[in-house]
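Each chain, written out:
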Amino acid sequence: LDSYIKDIVGPQHNLPPPEDMNKLKRISFPHGSFFFGSDSHQIKIPESDVFDSSASWSAIQRELLDDDSEIINVEEEKKRCASYDFDFPSNAAMPLKRRRLFYGALISGDSEEVIKATSMEQYNIYHTVSLIESNSTHNLSPKKWRFFGSEDASKQLHWLYQLFGPKTKVSMDYYMTSLTSED
């Protein structure tokens, strides 16, 4: 690995050893490197880490959030549109089908409660949720990986993979800056 990666990752920062990063696909730029992990549909989550994120939902939440994406109830969709002061599109020439939506964000020390609330609002809505974790803060201070490099991080990642619904592909990728606070 590049010398800057060896400087950023390692025992002095209590971060995963560089050889763990070698297992991931990598793209490098002058400002840093992106490392690409597997997504939620490419891995088998151990049975001990599997959970049903909808178990704590009320009946009304289950009805509204556990939407079968292949069936579109036109009357229900008209009500949804009207609640936001929108008209439901009525173009007979265009067949009704769900849109493929994508969501991407940086993730760091966000609380589990905030992540759970956000994922509930987005349950099975997105085709793909793409999250990026860095091993440095915005001011370039080193920080520990939350979702990479340890058994606890693997459990956290398995938890995150399941939150957005079984139809949503969740990917966690990683970024390591080559910049220093002096740059």
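These numbers come from a predicted model, not from an experiment.

Engineer: Would you explain the overall build of the chain in this entry?
Structural biologist: Check the secondary structure of the chain and you find 6 helices and 5 strands. Starting at the N terminus and ending at the C terminus, the chain contains elements arranged as α-α-β-β-α-α-β-α-β-α-β. Residues classed as buried in the chain amount to 35% of the 183 residues present. Within the structure as shown, the chain displays about 11800 Å² of accessible surface, and the carbon and sulfur contribution to it stands at 54%.

Engineer: It is not clear to me how the nonpolar core should be interpreted in this structure. Could you clarify?
Structural biologist: A general trend in soluble globular proteins is that nonpolar side chains are found buried together. Ranked by size, the top nonpolar core spans 22 residues in total, and within it Met21, Ile107, Leu131, Phe147, Leu160, Met172 and Tyr174 carry the most contacts. For this core, the elements supplying multiple residues, two or more each, are strand E4 (128-134), helix H6 (151-163) and strand E5 (169-177). In terms of residue count, the dominant contributor to this core is H6 (5 residues).

Engineer: Sorry if this is basic, but what is going on with H6 here?
Structural biologist: Since the α-helix packs 3.6 residues into each turn, any two residues three or four apart lie on the same face. An ideal rise of 1.5 Å per residue puts 18 Å on 13 residues; H6 measures up with 19 Å between its terminal C-alpha atoms. Taken together, the buried positions of H6 are Ala153, Gln156, Leu157, His158, Trp159, Leu160, Tyr161, Gln162 and Leu163. Check the buried side of H6 and you find it contacts strand E2 (32-39), helix H5 (112-121), E4 and E5.

Calculation notes
- Residues numbered from 1 in each chain as written.
- Predicted model: local features only at pLDDT ≥ 70, side-chain atom pairs only at ≥ 80, totals over all residues.
- Heavy atoms only, no water.
- Helix = DSSP H or I, 4+ residues; strand = E, 2+ residues; numbered from the N terminus.
- Buried < 20%, exposed > 50% of the residue type's maximum accessible area, 1.4 Å probe, protein only.
- Areas by Shrake-Rupley, 256 points an atom, 1.4 Å probe, with all protein chains shown as cover.
- Core = buried A, V, L, I, M, F, W, Y, C linked by side-chain atoms within 4.5 Å.
- Expected span 1.5 Å × (residues − 1).
- Contact = heavy atoms within 4.5 Å.

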